[in-house]
Amino acid sequence: MASLKDIGVAAGINILSAFIFFVAFAILRLQPLNDRVYFPKWYFKGLRTDPVHGGAFVRKVVNLDWRSYIRFLNWMPAALRMPEPELIDHAGLDSVVYLRIYLLGLKIFVPIAFLAWAILVPVNWTSTGLEIAGVKNITSSDIDKLSISNVQRGSERFWSHIIAAYAFTFWTCYILMKEYGKIAAMRLQFLAAEKRRPDQFSVLVRNIPPDPDESVSELVEHFFLVNHPNNYLTHQVVYNANKLAKLVKKRSKMQNWLVYYQNKLERTSIRPEMKTGFLGCCGTKVDSIEHYTTEIDKLSKEIALERDKVTNDPKSTMPAAFVSFKSRWGAAVCAQTQQTRNPTLWLTEWAPEPRDVYWPNLAIPYVSLTVRRLIVAVAFFFLTFFFMIPIAIVQALASLDGIQKAAPWLKPLVTVPFIKSFIQGFLPGIALKLFLIFLPSILMMMSKFEGFGSISSLERRSASRYYLFSFVNIFLGNILTGTAFQQLDSFIHQPANQYPITIGTAIPLKASFFITYIMVDGWSGIAAEVLMLKPLIIYHLKNFFLVKTEKDREEAMDPGSIGFNTGEPRIQLYFLLGLVYAAVTPTVLPFIIIFFGLAYVVFRHQIINVYNQEYESGAAFWPDVHFRVIIALIVSQLVLMGLLTTKKAASSTPFLIALPVLTIWFHIYCKGRFESAFSKYPLQEAMMKDTLERATDPNLNIKGYLQHAYVHPVFKASLEDADEEEDGMSSLKWETESATVPTKRHSRRNTPLPSRVSGASSPSMLDGIKNDPES
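Residues numbered from 1 in each chain as written. Predicted model: local features only at pLDDT ≥ 70, side-chain atom pairs only at ≥ 80, totals over all residues. Heavy atoms only, no water.

S.K.: Would you mind showing me how to read the overall build of the protein chain here?
M.R.: Of regular secondary structure, the protein chain possesses 35 helices and 6 strands. Buried positions account for 50% of the 775 residues belonging to the protein chain. Within the protein chain, counting contacts between residues at least 6 apart in sequence, those at least 24 apart form 81% of the total. About 37,000 Å² of surface is accessible on the protein chain, with carbon and sulfur atoms providing 62% of the total. (Helix = DSSP H or I, 4+ residues; strand = E, 2+ residues; numbered from the N terminus. Buried < 20%, exposed > 50% of the residue type's maximum accessible area, 1.4 Å probe, protein only. Contact = heavy atoms within 4.5 Å. Areas by Shrake-Rupley, 256 points an atom, 1.4 Å probe, with all protein chains shown as cover.)

S.K.: Please explain unusual backbone geometry as it appears in this structure.
M.R.: Residues apart from glycine generally show negative phi values, whereas peptide bonds are mostly found in trans. Even without being glycine, Trp346 reaches a positive phi, approximately 50 degrees. The phi dihedral of Ala619 falls on the positive side, at around 60 degrees, and the residue is not glycine. Considering the arrangement of structural elements, one finds Ala619 in the loop between α28 (588–609) and α29 (622–646). What makes Ala619 buried here is its relative accessible area of 0%.

S.K.: Just to check I follow, could you spell out a nonpolar patch on the surface for this structure?
M.R.: Together, Leu533, Ile537, Leu541, Phe544, Phe545 and Leu546 give the surface a local cluster of nonpolar side chains, amounting to about 670 Å² of exposed area. Among the structural elements, Leu533 can be located in helix α25 (residues 533–546). (Patch = residues over 30% accessible without salt bridge, like charges linked within 9 Å, V, L, I, M, F, W, Y side chains within 5 Å. Salt bridge = Lys/Arg side-chain N within 4 Å of Asp/Glu carboxyl O.)

S.K.: Would you take a moment to explain the side chain of Arg206 for this structure?
M.R.: If you trace the backbone, Arg206 turns up in strand β1 (residues 202–206). Among buried Asp, Glu, Lys and Arg side chains, Arg206 stands out as unpaired, with Glu349 the closest opposite charge at 5.2 Å. With sequence-adjacent residues up to four places away left out, Arg206 is seen in contact with Pro319, Ala320, Trp346, Leu347, Glu349, Asn361, Leu362, Ile364, Tyr366, Leu369 and Gly451. (Lys, Arg positive; Asp, Glu negative; His and termini not counted.)

S.K.: Hey, could you run me through the pattern of salt bridges in this one?
M.R.: Close approach of charged atoms lets side chains of opposite charge pair. Inspection of every chain in the model, using the stated rule, returns 18 salt bridges. Measuring nitrogen to oxygen at the nearest pair gives 3.1 Å for the salt bridge that ties Lys107 to Glu179. Of the two residues, Lys107 is situated in helix α8 (residues 93–125) and Glu179 in helix α9 (residues 158–193); the sequence distance between them amounts to 72 residues. Exposure remark for Lys107: the relative accessible area of 34% places this residue in the partly exposed category. Here Glu450 ties to Arg461 by a salt bridge, and the two come within 2.9 Å at their closest N and O atoms. Here Arg461 lies in helix α21 (residues 455–479) and Glu450 lies in helix α20 (residues 439–450), a separation of 11 residues in the sequence. One salt-bridge network, held together by shared partners, links Glu194, Arg197, Asp199, Glu353 and Arg355.

S.K.: What is the right way to look at the sheet that holds β1 in this model?
M.R.: Hydrogen bonds along the backbone pair up the strands of a sheet, which may run parallel or antiparallel. Read across the sheet, 4 strands follow the order β2-β5-β1-β6 without closing on themselves; strand pairing throughout is antiparallel. Of all the strands in the sheet, just β2 (232–239) and β6 (347–350) have a single pairing partner and so form its edges. Neighbour-to-neighbour, the strand axes of the sheet open up by a mean angle of 25 degrees, direction not taken into account. Both β1 and strand β5 (residues 317–325) contribute to a ladder of 5 bridges, which runs antiparallel. Bridge pairing in β5 places Leu204 opposite Phe322. In the packing of helix α10 (residues 216–227) onto the sheet, contacts are made with β1, β2 and β5, and the angle to β2 comes to roughly 150 degrees. (Pairing = 2+ DSSP bridges. Axes fitted to C-alpha atoms, helices over the stretch in contact; angles between N-to-C directions.)

S.K.: Even after reading the chapter, I still don't get a negative patch on the surface, so can you show me in this structure?
M.R.: The grouping of Glu554, Glu555, Asp558 and Glu614 at the surface amounts to a negative patch. With respect to the helices and strands, the residue Glu554 is situated in helix α26 (residues 550–557). (Charge placed at Lys NZ, Arg CZ, Asp CG, Glu CD.)

S.K.: Any chance you could explain α20 here in plain terms?
M.R.: An α-helical turn contains 3.6 residues, so any two residues separated by three or four positions project in the same direction. When the terminal C-alpha atoms of α20 are compared, their 17 Å separation across 12 residues agrees well with the 16 Å that a helix rising 1.5 Å per residue should span. Buried within α20 we find Leu439, Pro440, Leu443, Met444, Met446, Ser447 and Glu450. Along the axis of α20, the buried positions cluster into a sector of 155 degrees, meaning they face one direction only. At the exit of α20 stands Gly451, carrying a positive phi of roughly 100 degrees. (Expected span 1.5 Å × (residues − 1). Arc of directions from axis to C-beta.)

S.K.: For this particular structure, what's the right way to read the packing of helix α24 (residues 511–531) against α28?
M.R.: A pair of packed helices can be characterised by two numbers: the angle between their axes and the separation between those axes. Axis separation between α24 and α28 bottoms out at 10 Å; the angle between their running directions is 15 degrees. Here α28 runs roughly parallel to α24, going by the angle between their axes. Both α24 and α28 take part in a crossing whose hand is left-handed. Residues Ala511, Ile515, Ile518, Met519, Gly522, Trp523, Ile526, Glu529 and Val530 of α24 form the contact with α28, whose own contacting residues are Val588, Phe591, Ile592, Ile594, Phe595, Leu598, Ala599, Val602, Phe603, His605 and Gln606. When its residues are assigned to classes, the contact of α24 with α28 shows 16 nonpolar, 3 polar and 1 charged. (Parallel < 35°, antiparallel > 145°, perpendicular 65-115°, else oblique. Left-handed = near helix turned anticlockwise from the far one by under 90°. Nonpolar A, V, L, I, M, F, W, Y, C, P; charged D, E, K, R; others polar.)

S.K.: Looking at this structure, how should I read the pairing of β2?
M.R.: On any regular strand, side chains alternate: one points to one face of the sheet, the next to the other face. Most of β2 sits inside the fold, with 8 of its 8 residues counted as buried. By the bridge criterion, 6 bridges tie β2 to β5 in an arrangement that is antiparallel. Considered in β5, the bridge of Gln236 is made with Phe322.

S.K.: Looking at this model, I keep getting lost on the environment of Cys670. Mind explaining?
M.R.: For Cys670, the location among the structural elements is in helix α30 (residues 658–674). Separated by 497 residues in sequence, Cys670 and Cys173 have C-alpha atoms that sit 9.8 Å apart. Discounting residues that sit within four places of it in the chain, Cys670 has contacts with Met177, Tyr180, His626 and Glu675.

S.K.: Please clarify how the packing of aromatic side chains should be interpreted in this entry.
M.R.: Geometrically, a pair of aromatic rings is defined through the distance of the ring centres and the angle of the planes. Counting across every chain of the model gives 37 aromatic pairs. Relative to Phe596, the ring of Phe109 has its centre 6.0 Å away and its plane inclined at 15 degrees; by these criteria the two rings are stacked. With Phe109 in helix α8 and Phe596 in helix α28, this pair connects stretches of sequence that are 487 residues apart. Residue Phe109 shares its accessibility class with Phe596, and that shared class is buried. Ring centres 6.0 Å apart and planes at 55 degrees place the aromatic pair Phe514 and Tyr581 in the tilted group. (Phe/Tyr/Trp six-rings, centres within 6.5 Å; stacked < 30°, edge-to-face > 60°.)

S.K.: Please clarify how the packing of α21 against helix α27 (residues 564–582) should be interpreted in this entry.
M.R.: Interhelical geometry of α21 versus α27 gives an angle of 40 degrees and a closest axis separation of 8 Å. Taken together, the axes of α21 and α27 lie oblique to each other. Pair α21 / α27 crosses with right-handed handedness. Only Phe564, Asn565, Thr566, Glu568, Pro569, Gln572, Leu573, Leu576, Leu577 and Val580 of α27 make contact with α21, whose side of the interface consists of Glu459, Arg460, Ser462, Ala463, Tyr466, Tyr467, Ser470, Phe471, Ile474 and Phe475. In terms of residue class, the contact of α21 with α27 is made up of 12 nonpolar, 5 polar and 3 charged.

Below is the structure:
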């Protein structure tokens, strides 16, 4: 186990590495050559251009203004200077609420750390539990003298830990409730003030029942004209255009190469040539421009055939559609109500905004989603527990004993005090960090296989699994000993009331490991985040070897979004560690506070200057954040109960039983009080926004605005050339036409009948509809 000296060495190494990263960032960001890497968001907004320096070529690459290097840390106050309302306009509510998770950590842990160090640390330090003969634990370290491990068994001093646990719980719940209310108010205000967007008027309809008499498009139009006659406007069916999308993407790459060679011809006046073999290294030499022109023509014909096939083949039409309404009120009614007697058909939900749609998954039949999610659940279970085995091996090899066993010839080297401290205090954390580098990609692949139809839902599901994986493998996996299946077998064969005791016994002994992990993953990780070494290298490599056009340069510098699927679960792990160790080993808290403070500044800078959010969900993820903090709070209470049980504090332990009950009640209260603001849209708000819009823009062509909003991207190019006059006439038609609904169905009524396959509304609602050609 690492001692205070080992922790100090690890802290020194991490502080030094973080300082080096910050200095390197401060220097690199000032160079004109790197401007697009460190300020890409301003380029995408069109508010920044490449720095221009006259004179020698070196001035275009290196910043020679020595005065700018004196102020190399001015990015920190600049990151904090932008007010929150302005930041919401600049980056969106999702990004701002993501930052508030770090603020939430500071609000919770700063007062908790002050109370713990003022009360619990003196109580622990002045105890003598580790010095009593026969009780001294050979694995204890200096840190344990500051923890609950140093309190004698059966001591009355445990009452201070119980009282502190109540104080920590009440404070955490108070801050959570205030923040939940604040975020809910911010979301409602954001939605009320938000500009017009297609998703405000649209719903996604899935599991549309088949009908032998009508196509999916005709059935959708018929159903909504009958059941939403005053609000339905237009719709767009979902096609299985995945193959077509691949062809279009391939043609786009070829067109990019064609532009490159055409530009090269203009610069050199020499016809460029290329080889048609593997990677251009072998094969027949041909004229590059003619080759790509021919290939693009072939692909264009193939794309045209595939487009016709997709639009005309009924098998390519999925039983799903985006349906748009004349008002936000009409969309809210449809999205938040059951459409038919059969609750498994005509399922409606709010449509994601067009940027947020993950089109490949909309082609998955709805009936297969349940099977897919079962398969992924089983796969994730085995991934979680099988991953424990290599993690345990890596952690063992990264320890002092593991290195001496694996490589005995290194024994003289690892006994050197500095190297020994480095191995015990730094190496296990970095080994675990490196081993988990591919996990986010694996979890995202699982979420895509499940069939979620939006990028935001994919990221939220990946984040949920990442947190569960971290809880099992990083938290429990490093606390308990043995292989994964030994742990699983142990948990299966022991009574449920023994779980807190088993975990609680091991918790204090792992405090030093988690401190080093926080420094490696937290401190150094955040410093590496702002340095952006990987994006910097990739951008320059692409810019030198692959960039052929301005479009290529924009793609090369695009940093993507903030990465909610990896960032939020990591934050939640620190909430878990902080709440668990607050009453057990308060030494951990200062390291966590430093992480939250540093991360808040760094990510504020990144959100302002770097990350370009792919979508805007209006902070729909906050209930997940709240729930995971509640879980961490309950785990901390159970762990303390188990630990006190091992300390023979049976008379005081029952007083902790009320804490999990109160915490669960608090969560139920917050869920009922605030969660609806994140899943439903108030009809009152929708009506107010519709009324205001009609007053300020009475001539708005809403049909023209919505008609092509949810067309698959591969079809949009051809639709953009549509006749605008026809759109205007069609909009007038939709405003004035009657409720009479033509249909091809061979039945006595002009509505979907429950007796067939649709399970639609009661026929009694439709008796007044006339002009049925079949009646």
